[in-house]
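# Close look at the chain arrangement
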Amino acid sequence: MRERDFYRERRETKRARFSCPYCRELGDFQVRWLVREKKGRLPHRANPADRRRFANLRSYMVREDEYLFCTNPRCRRRFEIPSQQSVVLL
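Note that the coordinates shown come from a computational prediction; the quantities given were computed from them, not determined experimentally.

What follows is about the pattern of salt bridges. Summed over all chains, the structure comprises 12 salt bridges. Where arginine 10 meets glutamate 37, a salt bridge forms, and the shortest distance between an N and an O atom there is 2.6 Å. With arginine 10 in strand β1 (residues 7-19) and glutamate 37 in strand β2 (residues 26-38), this residue pair connects regions lying 27 residues apart in the sequence. A relative accessible area of 38% means that arginine 10 is categorised as partly exposed.

Structure follows, in structure tokens:
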């Protein structure tokens, strides 16, 4: 079985505050996340190896955005999201 069979996926946006490394302006940004929640029950076609794997799984979020654009109209440069995890366990 694939890993997708064990999770329910949904997309979510969360607000985060970052400062642009070029112009130092502080701004609020919408960061996109993929939320993978562990299903309540195992699918019927699972074998014993899948059952062991399912028992060890946890829900988690994966950040989809790697870069943001500065909100300052004079700057508008692209910068990498600093100091924030790309995977968060729930």
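So, on to the nonpolar core. Core analysis: the biggest nonpolar cluster contains 13 residues, and Phe18, Val31, Leu68 and Phe79 have the highest contact counts within it. Within the residue set of this core, elements represented by two or more residues are β1 and β2. With four residues, β2 is the single largest residue contributor to this core. Residues within four places of phenylalanine 79 in sequence aside, it is in contact with Phe18, Ser19, Cys20, Pro21, Tyr22, Phe29, Glu66, Tyr67, Leu68, Phe69 and Cys70. Within the second largest apolar cluster, seven residues are counted, among which are Tyr7, Ala46, Phe54 and Tyr60.

Counting through the fold element by element, glutamate 12 comes out in strand β1. The spatial distance from the C-alpha of glutamate 12 to the C-alpha of glutamate 64 is 9.9 Å, given a sequence separation of 52 residues. Setting aside residues up to four positions removed in sequence, glutamate 12 forms contacts with Val31, Arg32, Trp33 and Val35. One polar contact links glutamate 12 to arginine 10, side chain to side chain, over a distance of 2.9 Å.

Cut-offs used in this document
Residues numbered from 1 in each chain as written. Predicted model: local features only at pLDDT ≥ 70, side-chain atom pairs only at ≥ 80, totals over all residues. Heavy atoms only, no water. Salt bridge = Lys/Arg side-chain N within 4 Å of Asp/Glu carboxyl O. Helix = DSSP H or I, 4+ residues; strand = E, 2+ residues; numbered from the N terminus. Buried < 20%, exposed > 50% of the residue type's maximum accessible area, 1.4 Å probe, protein only. Core = buried A, V, L, I, M, F, W, Y, C linked by side-chain atoms within 4.5 Å. Contact = heavy atoms within 4.5 Å. Polar contact = N/O pair within 3.5 Å; in protein donor to acceptor, adjacent residues only side chain to side chain.

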